[in-house]
Each structure stands twice: as structure tokens, then as C-alpha cells.
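The chain contents come next:
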Amino acid sequence: MNTPICDFLTAYQRKGTTRLHMPGHKGVSFLGCEGLDLTEVAGADSLYEAEGIIAESEENATKLFGSRRTVYSTEGSSQCIRAMLYLALQNCRSGTPPVIVAARNVHKAFVYAAALLDFEVVWLWPEAKYQSLCGCPISSEGLQKVLSSLSAPPAAVYITSPDYLGATADIASLAEICHRYGTILAVDNAHGAYLHFLSPSRHPLDLGADICCDSAHKTLPVLTGGAYLHVAKNAPPQMEAGMKSAMALFGSTSPSYLTLASLDRCNRYLAEDYDLRLAQTIAAIDRTKACLKENGWDILPTDPLRITINAPAGCTGFALADRLRQNNMECEYADPDSLVLMLTPENSQHELFRLAEVMGQNTLPAACQRNLPLADGKRICSIRKALFAPHETIPVRDAPGRICGAPTVSCPPAIPIAVSGEQIEDAALRLFAYYGVETVDVLKESAIQ
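For the structure given in this document, a descriptive report is provided here. (Residues numbered from 1 in each chain as written. Predicted model: local features only at pLDDT ≥ 70, side-chain atom pairs only at ≥ 80, totals over all residues. Heavy atoms only, no water.)

Regarding the side chain of His191
You can see His191 is positioned in the loop between strand 5 (185-188) and helix 7 (204-207). Engagement of the side chain of His191 in a polar contact is seen with the side chain of Arg306, the distance being 3.1 Å. Those residues in contact with His191 that lie beyond four places of it in its chain are Pro162, Tyr164, Lys218, Thr219, Asp303, Arg306 and Met342. (Helix = DSSP H or I, 4+ residues; strand = E, 2+ residues; numbered from the N terminus. Polar contact = N/O pair within 3.5 Å; in protein donor to acceptor, adjacent residues only side chain to side chain. Contact = heavy atoms within 4.5 Å.)

This is the structure we're talking about:
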């Protein structure tokens, strides 16, 4: 598969053109990559008006993923999420208030999009037995119950799959219900770009989703910020037509050509023997999981490129992360209950062997259920009103009864404990304490008079 962006950047560097244009480094090496770092010079195309080398590269990605159309982001899935929701709102029936039905474990980019686009959210909640900030498994029966209760179809149903701990949704059944009720399924697939290359595919597009985003940089060899927005072949035609406009609405006019080049080069990587390398890597990960289980560790069910360890009684995910750091290994995410490890074919067999060796034998008993459920706060005002109102930051101890302003959450996992416009109540306070959040952003009292 050709790599038109990479080829252009390499040729430009070799030509030694006097750079009387941005960027200011002029191709002089400071970090070592400047020679390939360009802007929209003649022949370099333009990301949001692509008709040259970028359009050609995106067409390569479209063919690889089997979508109706795939376009690039250099600002991660956060940009794609905003664009995806904008496109979904074009699906609204005229005269009806815009509504998105969403599983509660959304990335905070979703909350910011709700403020910018001014739509209302009907939250989907997990079964009571599932207790985790990161997870929100939705049953087809639960989704059908919510959709049947609405007076009109929402603009979209929005879910996150895989979630941060690696749990995946039954996308096929959820998509079928969405279509039956006259709406679309949008999926934040940030952690699952590789899923299309499994046999059989487990990618949302191949399971019935209408639109989804993938953070290529999370599981593929792409520079940070590289992501895809995909529209499925069976999605409403207007979604494809509006993709570039939607991305331009939320994206910088100075996209990184280094990131574009890495997306371009990844096309060739995926088109060669990636599916074989992926299968071999998953087999090695499965052997590592089996070894960890034999050594007494509780391994949670996840997507294939992740190992999530449930911390045993008397221990925390933070302590397990420290164990890895003492051996020059760094995890993806840790919290009081879990240790999350993300792996790809670029991890060596030796690294997997060392992981099992460093974790060693667990002699502690399994933990009882410790996680706290997602917090359901009372809605006082819209997300948009709350985010644009005057705010102040206060200690969590002073937060009961106050209205959440901006989501207070670190990344990872970037999942809001309290959503803007909601009253902060006991459930949120317990989560703040559990995750070590000491201050919270709230509306000033004068803003709600």
C-alpha cells in the first residue's frame, strides 16, 4: 500500500527547499524530526479540504477498515467525539429538542461536546451489581426500555466500548435495537482500533455501529494524537457528506503533519502482515494471563490486547503499579482496585515474560467487591448552562448540595464523577474520596440565583 503523505514529506526534506514558511524551526534539527514537520505548502494538501495526498491516504484507511469513509484526526478521539456528536445531531427530527442517550461512563470530551452543541442527555445506567466508575455495561433489554420510554427517537445512542478496564459491549444487539427504534449507534472505540483486524472482526463498524472513533495512537504504531473517525456503509448518507466540516469545526487549522505521516505509514503496516502479528501477540498475551492466573492473580475479562488485574485483599492497583515501576515497567492505569496493562505487537515476548516474573506469586486472598457505583446526581440545570456559568473551586468537604461546574477528573480515566449541572450528593462524595479527589469545580452561588 502506498504512503503518499510520507513520500511527500521525505521528498520535500531531501530537496532542501528554502523554507520561507511556517513552522519556525525551518527544518533545522532540534528534536530530530523537524525536517519532516511541515504546514500546508504547495502539494502538501489540507486536512479539512483534502483532495490530494491526504485524501489519497484517507482512502487507503477507508479500504482497510471497510467503512463508507474514514478521515484522520491529529487531535485524538476527543476531536472525533465532538465531530461524531455534531453529525449525530444532524439526524434529529425538525422541531424536536436534541437528545443523546448515553452510557454514563463517557469520556469528559462528551460532556464538553454537550455544552458546545447544547443537547440534552438521557443517561443509561448499568445493572446494580456492576460497581465501577470505569464501566457501564448496558443490556439490550435496558436500552430497549429507555428508548421505548422516549416520546421521539434520540439523535443517537452513545456508548464506550471497550471501556477503560477492557470490558466490551454487545454492539450487535445494541445496534439492532437502535435501528429498530429509528436512531443510530455511535461508539467511542478509542481503545479498539485494532479490533477490525481480528478474525472474525470485533470492530464496532463490523458489528452494526453507524459511526465510531478510534484512537490509532492507543493500540497502533501511530504518534500521540493520531485517530480515525469512521462512518459505516449503512449509516445515513448525510453523515459522510458532513465529516470534514464537522472535524474542521472542532480542529486546529494547524494539524500535525508528523501525526498525519504516522497515520499514513500505519496504513502500510496494517496492509502487510499485521493480522498475523496481532494473532501471535494475542496468543502470547493469553499465555501470560494463564501464567498470572496460575500464580494466584485475578485476571478480569477484557479485550484481547489488555491485561486487567483485580487487586487482591489488602492491596491496591497503585501498589501493583509501584511494583512494576521498581522494575522499570510502567502500567497504563491504576486505581484502588485495578491495574490495567495495554499491550500491542510492539511489545516483545521478553517483556511479557518479565511481566509475569515481576508480578510473581500472589498469596493474598481475592478481594470482595470494593468498587463504588457511578454517581447519579440530581439535574439542576443543563450541561451547557453549568459549563458557561461562573465557577469556583472548593474542597470536596464543602461540596454537598453544590452544583458541579466542570467535570473534576484526571486523565486517565477522564470519566466524570459528577456531570456539569448536577447537584453533588453522597454518591459523588464517596467516589471523590475513593479516587483521592480533594477539590471540585462548582457553580458560584450567584450563578444560580
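Description of helix 10 (residues 243-250)
Taken as a whole, helix 10 has its buried residues at Met243, Lys244, Ala246, Met247 and Phe250. Seen along its axis, helix 10 keeps its buried residues to an arc of 160°; they face one direction. Facing away from the buried side of helix 10 by more than 90 degrees, the exposed set consists of Ser245 and Leu249. The inward-facing, buried residues of helix 10 contact helix 2 (53-65), strand 1 (69-73), helix 3 (76-89), helix 4 (108-117), strand 7 (227-231) and helix 9 (237-241). (Buried < 20%, exposed > 50% of the residue type's maximum accessible area, 1.4 Å probe, protein only. Arc of directions from axis to C-beta.)

What to know about the pattern of salt bridges
With the rule as written, the count across this model stands at 11 salt bridges. Linking Glu120 and Arg379 is a salt bridge whose minimum nitrogen-to-oxygen distance equals 2.9 Å. Note that Glu120 is positioned in strand 3 (residues 120-124) and Arg379 in the loop between helix 14 (349-359) and helix 15 (383-388), a separation of 259 residues in sequence. A salt bridge links Arg325 to Glu330, with the shortest nitrogen-to-oxygen separation between them at 2.9 Å. (Salt bridge = Lys/Arg side-chain N within 4 Å of Asp/Glu carboxyl O.)

Concerning the layout of surface pockets
Considered as a void within the structure, the second largest pocket measures approximately 340 Å³ in volume. In terms of lining, the second largest pocket is formed by 26 residues, of which the most central are His107, Tyr164, Ala190, His191 and Lys218. Going through the elements one at a time, helix 3 and helix 8 (216-219) are the ones with two or more residues in the lining of the second largest pocket. Per-element accounting of the lining of the second largest pocket gives the leading share, four residues, to helix 3. Of the residues in the lining of the second largest pocket, the class split is 10 nonpolar, 11 polar and five charged. (1 Å grid on protein atoms, 1.4 Å probe; cavity = no way out; pocket = protein on both sides within 12 Å on 5 of 7 lines; lining within 4 Å. Points joined across faces, edges and corners; volume = space filled by probe spheres on them. Nonpolar A, V, L, I, M, F, W, Y, C, P; charged D, E, K, R; others polar.)

Quick look at a nonpolar patch on the surface
On the surface, Val28, Phe30 and Leu31 cluster together to form a nonpolar patch covering roughly 390 Å² of accessible area. Secondary-structure assignment places Phe30 in the loop between helix 1 (4-15) and helix 2. Residue class for Phe30 comes out exposed when judged on its relative accessible area of 66%. (Patch = residues over 30% accessible without salt bridge, like charges linked within 9 Å, V, L, I, M, F, W, Y side chains within 5 Å. Areas by Shrake-Rupley, 256 points an atom, 1.4 Å probe, with all protein chains shown as cover.)

Some remarks on the side chain of Ser382
Looking at the element boundaries, Ser382 is found in the loop between helix 14 and helix 15. At 3.0 Å, the side chain of Ser382 and the backbone nitrogen of Lys385 are in polar contact. Here Ser382 is in contact with Glu120 and Gly421, once residues within four sequence places are set aside.

Let's talk about the pairing of strand 1
Burial analysis of strand 1 places four of its five residues in the buried class, the great majority of the element. Of the pairings in the sheet, the one linking strand 1 to strand 7 comprises five bridges and is antiparallel in character. In the sheet register, Arg69 faces strand 7, and the bridge partner there is Val231. (Pairing = 2+ DSSP bridges.)

Brief notes about the pairing of strand 13 (residues 439-443)
Side-chain positions along a regular strand alternate between the two faces of the sheet. Within strand 13, four of the five residues are buried, leaving the element largely enclosed by the surrounding structure. Alignment of strand 12 (residues 391-395) against strand 13, held across five bridges, turns out to be antiparallel. The residue of strand 13 that forms the bridge with His391 is Leu443.

As for the sheet that holds strand 3
Spatial ordering of the open sheet is given by 1-7-6-5-4-2-3, a layout of seven strands whose pairing is mixed. With partners counted over all chains shown, the strands left at the sheet margins are strand 1 and strand 3, one partner each. The mean inter-strand angle of the sheet, taken between neighbouring strand axes irrespective of direction, is 20°. Contacts from helix 4 reach strand 2 (99-103), strand 3 and strand 4 (156-160) within the one sheet, and its direction differs from that of strand 3 by about 150°. Packed on one face of the sheet, helix 10 meets strand 1 and strand 7 and runs near 15° to strand 1. (Axes fitted to C-alpha atoms, helices over the stretch in contact; angles between N-to-C directions.)

Here we look at the packing of aromatic side chains
If you walk through the whole model with that rule in mind, you get 12 aromatic pairs. Ring centres of Tyr86 and Phe250 lie 6.4 Å apart, and the angle between their planes is 75°; on these two criteria the pair is classed as edge-to-face. Separated by 164 residues along the polypeptide, Tyr86 in helix 3 and Phe250 in helix 10 bring together distant segments of the chain. Every member of this aromatic cluster is reached through a ring pair, and the members are Phe65, Tyr72, Phe197, Tyr228, Tyr269 and Tyr274. Over the ring of Trp123 we find Arg104, and its NZ or CZ is 4.8 Å from the ring centre. (Phe/Tyr/Trp six-rings, centres within 6.5 Å; stacked < 30°, edge-to-face > 60°. Lys NZ or Arg CZ within 6 Å of the ring centre and 35° of its normal.)

Without other data, these values stay purely geometric and don't point to any function.
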